[in-house]
Amino acid sequence: MRRTRIATAAVAVVVGAALVTACSSSDSAGGGGSGDGSAIINAWSGEPQNPLVPTNTSENTGGRVVDSIFAGLVSYTPEGGVENEVAESIDTTDGQNYTVTLKDGWTFTDGSPVTAKSFVDAWNYGALSTNAQLQGSFFDPIQGYDEVAAENPTVQTMSGLQVVDDKTFTIQLKQPEAAFPDRLGFAAYYPLPEVAYADMAAFGENPIGNGPYKFAQEGAWQHNVRIDLVTNPDYDGNRKPVNGGINFILYSNLDTAYTDLLSNNVDVLDNVPSSAVTTFETDLPDRTVNQPSASIETFTIPGRLAHFGGEEGVLRRQAISKAINRDQITEQIFNNTRTPAKDFTSPAIEGYTDSLENEGNVEYDPEGAKELWARADAIAPWSGTFAIAYNSDGGHQEWVDAVTNSIRNTLGIEAQGAPYPTFAQLRTEATNRTIPTAFRSGWQGDYPQQYGFLAQNYQTGGSSNDGDYSNPEFDRLLRESASETDKDKAQDLINQAQSILLNDLPAVPNWYRNAASGWSENVSNVQIGWDGIPIYYAIEKN
């Protein structure tokens, strides 16, 4: 769930058209570098789920910090373009075997060099099953992953990774995948310094990276309070900060964060609460953005729950999905800052279509919902209450109440929300498979490809497949799409895979989320990137 952020109507746009640059009224678009380069930006966030180890950070509160303090082989422009960062080149002649050459001069903030081994060791650590890293499945395309990811691995390293020298390593994939290099700006592929392996949990509390920012001091993470970053003076990559650092303020309530924004006590909030969606653009004149972003909101119904396994479970998921009046909810609760979902990706990602087979399963159809529920009851009569777990610190109660009301009124069953105090607590139970109900989920693009939305959430063993969904035909189609060199054929395979998901509904798509964001009078040149996250390094303090 990394991480989940559309105009008033769903418009198919390619990445690169979804960015809006906005400034205070006294500045021209893009900023003029007139801000205080030493000043600190105060930014909203929530308490990360885990210590800040890149391969074990799978949600966006921790992800935004990790992305600020690390740099990968490539980085993404605000529009979703791909640029080499630590990599000088990533070369291939066949799309399966890659040679990576690093640029000179990169170091971690402890002064140690960033070498080929820094990447290879970090990737092997992330993939090894005994390390139980949440992002492990991102290494699935690499030859030898299956062996190190096995339940009792007999090898510790992937055969497809080889260090040639300090500046060079090679990657052998299981099959040709021409788009693989474009994924390498995601956090799972960041390098680690040698010191990390002495005590990875302790390292995650005070991480040492190679990115545009670093921890202000040891202990800069005050849990449930703040994480303080300052600029890294040795960073010479693509994301050079124009400010002096970022203080991530870890809010437990989105309405409180919005009140602080109105008082200029927090500088940027990329997720306005539902209580403010009708007023934020007038509350914050010339200091808001409401734009498409690569994100989707869903809720997952694990197959292990009573009544949700096998054929009965498919029928009940379809019935629940058809019982939700998405048009009404997105209009009345979100003031059209959400758009009803038609698939499992995002209109802000190239390849999106709203004409997939089985799309009817995500359309409001009360009579169809009742018929499907009755067919499921013929297999096994329903008992109990249908509940959706959500985190109270994220402003989700209103939509969960609306969704469960719609389900209750349509199907005539008990349905309700199940609140958890914090996002970290909800995610911990979801990843530990101890959550006893359906639970809110979603996805914010890690890299600008539909494949990323589908593989990690729904492929067998995917890093964020918290419902443990498994369909061999879906897996086959997804793998074939990754290896297909013909763009149209690859897209057709992706569409076929999505049609399977729209039948099985391992998660119920709700809506695509706009980047509905605002900022204080103290900052300018605020940009929201293709993925809905602020471009922190570009924000200027007035």
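Keep in mind that this is a model prediction, so the values were computed, not measured.

1. Focus: the overall build of the protein chain
Part 1: Helix and strand content of the protein chain: 14 helices and 24 strands.
Part 2: At 22 Å, the protein chain has a C-alpha radius of gyration in line with the 24 Å of a compact globule built from 542 residues.
Part 3: Considered along the principal axes of its C-alpha atoms, the protein chain spans approximately 65 × 55 × 40 Å.
Part 4: Counting only residues that meet the buried cut, the protein chain has 61% of its 542 residues in that class.
Part 5: When the accessible surface of the protein chain is summed, it comes to about 19300 Å², and 45% of that surface belongs to carbon and sulfur atoms.
Part 6: Here the protein chain carries 33 positive and 70 negative side-chain charges, and the mean point of each set is 3 Å from the other.

2. Focus: the packing of aromatic side chains
Two aromatic rings, taken as a pair, are described by how far apart their centres are and by the angle between their planes.
Part 1: According to the stated counting rule, one finds 24 aromatic pairs in the structure shown.
Part 2: Between the aromatic rings of W123 and Y189, the centroid separation amounts to 5.4 Å while the plane-to-plane angle is 70°, which identifies the pairing as edge-to-face. Residue W123 is located in helix α2 (residues 116-127), and its partner Y189 is located in the loop between β8 (168-172) and α4 (200-205); the two are separated by 66 residues in the primary sequence. For the pair W123 and Y189, one class covers both residues: buried.

3. Regarding the UniProt feature "domain: Solute-binding protein family" (unreviewed entry) in the protein chain
Part 1: The UniProt entry lists residues 82-464 under the feature "domain: Solute-binding protein family" (unreviewed entry), expressed in the numbering used here.
Part 2: Helix makes up 27% of residues 82-464 and strand 20%, whereas the separation of the span's terminal C-alpha atoms amounts to 24 Å.

4. Focus: the sheet that holds β8
Part 1: Read from one edge to the other, the open sheet built from four strands follows the order β5-β6-β8-β7, with strand pairing classed as antiparallel. Pairing within the sheet leaves two strands with one partner each, and these edge strands are β5 (87-92) and β7 (161-165). The mean angle between the axes of side-by-side strands here comes to 20°, regardless of whether they run parallel or antiparallel.
Part 2: The sheet strands contacting α2 are β6 (97-102), β7 and β8, and the helix crosses β7 at an angle near 165°.

5. With respect to the domain arrangement of the protein chain
Part 1: The domains assigned to the protein chain are domain 1 (33-69 + 211-287 + 520-541), domain 2 (71-197) and domain 3 (292-514).
Part 2: The distance between the C-alpha centroids of domain 1 and domain 2 comes to 27 Å.
Part 3: Contacts between the two partners involve 23 residues from domain 1, matched on the other side by 26 residues from domain 2.
Part 4: When residues of domain 1 are sorted by the area they lose upon contact with domain 2, T55, N238 and W530 head the list and together hold 35% of the total.
Part 5: Where domain 1 meets domain 2, there are one salt bridge.

6. Focus on the pattern of salt bridges
Part 1: Considering all chains together, one arrives at 25 salt bridges under this definition.
Part 2: Note that D140 is salt-bridged to R479, the shortest N-O span being 3.0 Å. In this pair, D140 sits in the loop between α2 and α3 (145-148) while R479 sits in helix α13 (residues 472-483), placing the two residues 339 residues apart along the sequence.
Part 3: A relative accessible area of 9% means that D140 is categorised as buried.
Part 4: Of the charged contacts, one joins R338 and E297 as a salt bridge, the two residues approaching to 3.7 Å between their closest N and O atoms. You can see R338 sitting in strand β16 (residues 338-340) and its partner E297 sitting in strand β15 (residues 295-300), a full 41 residues away along the chain.
Part 5: Given a relative accessible area of 6%, R338 falls into the buried group.
Part 6: Taking the relative accessible area as the measure of exposure, E297 reaches 3% and is therefore buried.
Part 7: Connected through salt bridges with shared partners, the residues D140, D146, K174 and R479 form a single ionic network.

7. Section: the environment of P181
Part 1: When you line up the elements, P181 lands in the loop between β8 and α4.
Part 2: As a C-alpha pair, P181 and W123 span 58 residues in sequence and 14 Å in three-dimensional space.
Part 3: Sequence-distant contacts of P181, that is, excluding residues within four places in its chain, are made with V74, I90 and Y98.

8. A word on the nonpolar core
Part 1: One finds L73, W123, F169 and I171 to be the most contacted residues of the largest nonpolar core, which totals 104 residues.
Part 2: Ranked by the residues each element gives to this core, the list is headed by α2, at seven residues.
Part 3: Excluding residues that lie within four positions of it along the chain, F169 makes contacts with L73, Y98, T99, V100, L102, A116, F119, V120, W123, Q162, V163 and V164.

9. Looking at the confidence of the model for the protein chain
Part 1: Here the protein chain averages 91 in pLDDT, while 94% of its residues score no lower than 70.
Part 2: The model gives residues 1-32 a pLDDT under 50, and that stretch makes 132 contacts with residues more than four places away or in other chains.

10. What to know about the packing of α13 against helix α14 (residues 487-504)
Helix packing for two helices is described by the angle between their axes and how far apart those axes are.
Part 1: Contact geometry of α13 with α14 gives a least axis separation of 8 Å together with a crossing angle of 160°. Relative to α14, the element α13 lies roughly antiparallel. In this structure, the crossing between α13 and α14 has a hand that is left-handed. Residues E473, F474, L477, L478, E480 and S481 of α13 form the contact with α14, whose participating residues are A490, L493, I494, Q496, A497, I500 and L501.
Part 2: Here the residues of the contact of α13 with α14 sort into nine nonpolar, two polar and two charged.

11. Section: the sheet that holds strand β18 (residues 415-420)
Part 1: On the basis of which strands lie adjacent, the open sheet formed by six strands has the order β16-β20-β15-β19-β17-β18 and mixed pairing. On the outer flanks of this sheet lie β16 and β18, each paired with one strand and no other. In this sheet, adjacent strand axes meet at a mean angle of 35° when their direction is disregarded.
Part 2: Note that strand β17 (residues 386-391) and β18 share six bridges and pair parallel. Looking at β18, one finds that F386 is bridged to A415.

12. Brief notes about α2
Part 1: Over its twelve residues, α2 runs 17 Å from end to end, which matches the ideal 16 Å to within 8%, given 1.5 Å per residue.
Part 2: Along α2, ten of the twelve residues are buried, which leaves the element largely enclosed by surrounding structure.
Part 3: Within the sequence span of α2, burial applies to A116, S118, F119, V120, A122, W123, N124, Y125, G126 and A127.
Part 4: Buried-residue contacts for α2 involve β6, α3, β7, β8 and α4.

13. What to know about helix α12 (residues 450-458)
Every α-helix carries 3.6 residues per turn, so stepping three or four residues along brings you back to the same face.
Part 1: Most of α12 sits out of view: nine of its nine residues are buried.
Part 2: Every buried residue of α12 is accounted for by Q450, Y451, G452, F453, L454, A455, Q456, N457 and Y458.
Part 3: Packed against the buried residues of α12 are β15, β19 (438-444), α13, α14 and β20 (507-513).

The rules behind these values
Residues numbered from 1 in each chain as written. Predicted model: local features only at pLDDT ≥ 70, side-chain atom pairs only at ≥ 80, totals over all residues. Heavy atoms only, no water. Helix = DSSP H or I, 4+ residues; strand = E, 2+ residues; numbered from the N terminus. Rg over C-alpha atoms; globule rule 2.2 N^0.38 Å. Buried < 20%, exposed > 50% of the residue type's maximum accessible area, 1.4 Å probe, protein only. Areas by Shrake-Rupley, 256 points an atom, 1.4 Å probe, with all protein chains shown as cover. Lys, Arg positive; Asp, Glu negative; His and termini not counted. Charge placed at Lys NZ, Arg CZ, Asp CG, Glu CD. Phe/Tyr/Trp six-rings, centres within 6.5 Å; stacked < 30°, edge-to-face > 60°. UniProt positions renumbered as here; feature names shortened; annotations may be inferred. Pairing = 2+ DSSP bridges. Axes fitted to C-alpha atoms, helices over the stretch in contact; angles between N-to-C directions. Contact = heavy atoms within 4.5 Å. Domains from an automatic or database assignment. Buried area = accessible area lost by both parts, 1.4 Å probe. Salt bridge = Lys/Arg side-chain N within 4 Å of Asp/Glu carboxyl O. Core = buried A, V, L, I, M, F, W, Y, C linked by side-chain atoms within 4.5 Å. pLDDT = per-residue confidence, 0-100. Parallel < 35°, antiparallel > 145°, perpendicular 65-115°, else oblique. Left-handed = near helix turned anticlockwise from the far one by under 90°. Nonpolar A, V, L, I, M, F, W, Y, C, P; charged D, E, K, R; others polar. Expected span 1.5 Å × (residues − 1).

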